[in-house]
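# Structural overview for review
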Amino acid sequence: MHCDIYKFPKHSEMYVYIARPDYPDDTDEIKDWLGVLPKELRKSLGEAKFLMHLDLAETKKLARVDKNEVIEKLNSQGYFVQTPPSDVLLAQAQARMKEAQDKRYD
């Protein structure tokens, strides 16, 4: 299974894997690969930045997620969202709260 991985500057350490089951035969026409994402999710993610193309069959394991779970989601829905680890999510939430407080008292 081939896939493309995107990151989103608005969401630190969140990655979206997009299935490319027909790679390399799917490159003849320009395509919106992120079009498989639900509209609300895509809208909330903001601007995407292409990170890399990956052949999961050639990859032994992934750093933070189970490779088999990624493949299962790519096959069933065409994408997989890798969320940040809980400690990163907590730090991001705390930073947003502090920023909101600082703005409130400016």
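All of these numbers come straight from a predicted model, not from anything done at the bench.

With eleven residues, the main nonpolar core is built from Cys3, Ile5, Tyr17, Ala19, Leu54, Leu56, Leu62, Val65, Val70, Leu74 and Phe80. When contributions to this core are tallied by element, the ones reaching two or more residues are β1 (2-8), β2 (11-19) and α2 (67-77). Dropping the residues within four chain positions of it, Val65 is found in contact with Tyr17, Val70, Phe80 and Gln82.

Summed over the entire model, instances satisfying the criterion amount to four salt bridges. Among the ionic pairs, Glu13 bridges to Arg64, the shortest N-O distance being 2.3 Å. Placement of the pair is Glu13 in strand β2 and Arg64 in the loop between β3 (49-55) and α2, with a sequence separation of 51 residues. Its relative accessible area of 47% is what places Arg64 among the partly exposed residues. Between Asp26 and Arg20 there is a salt bridge, with its nearest N and O atoms 2.8 Å apart. By relative accessible area, which is 13% here, Asp26 ends up buried. The buried category is assigned to Arg20, whose relative accessible area is 5%. In this structure, a network of salt bridges that share partners links the residues Asp4, Arg20 and Asp26.

Glancing now at the side chain of Asp26. Summarising the element assignment, Asp26 is placed in the loop between β2 and α1 (39-45). Within the structure, Asp26 has its side chain in polar contact with the side chain of Arg20 (distance 2.8 Å). In this view, Asp26 contacts Arg20 and Trp33; residues no more than four positions away in its chain are not counted.

Take the environment of Leu74 next. Topologically, Leu74 is positioned in helix α2. By relative accessible area, Leu74 is classed as buried at 3%. As for Leu74 and Asp26, which are separated by 48 residues in sequence, their C-alpha atoms are 16 Å apart. Setting aside its immediate chain neighbours within four residues, Leu74 contacts Met1, Cys3, Tyr17, Ile18, Ala19, Leu56, Tyr79 and Phe80.

Rules and cut-offs
Residues numbered from 1 in each chain as written. Predicted model: local features only at pLDDT ≥ 70, side-chain atom pairs only at ≥ 80, totals over all residues. Heavy atoms only, no water. Core = buried A, V, L, I, M, F, W, Y, C linked by side-chain atoms within 4.5 Å. Buried < 20%, exposed > 50% of the residue type's maximum accessible area, 1.4 Å probe, protein only. Helix = DSSP H or I, 4+ residues; strand = E, 2+ residues; numbered from the N terminus. Contact = heavy atoms within 4.5 Å. Salt bridge = Lys/Arg side-chain N within 4 Å of Asp/Glu carboxyl O. Polar contact = N/O pair within 3.5 Å; in protein donor to acceptor, adjacent residues only side chain to side chain.

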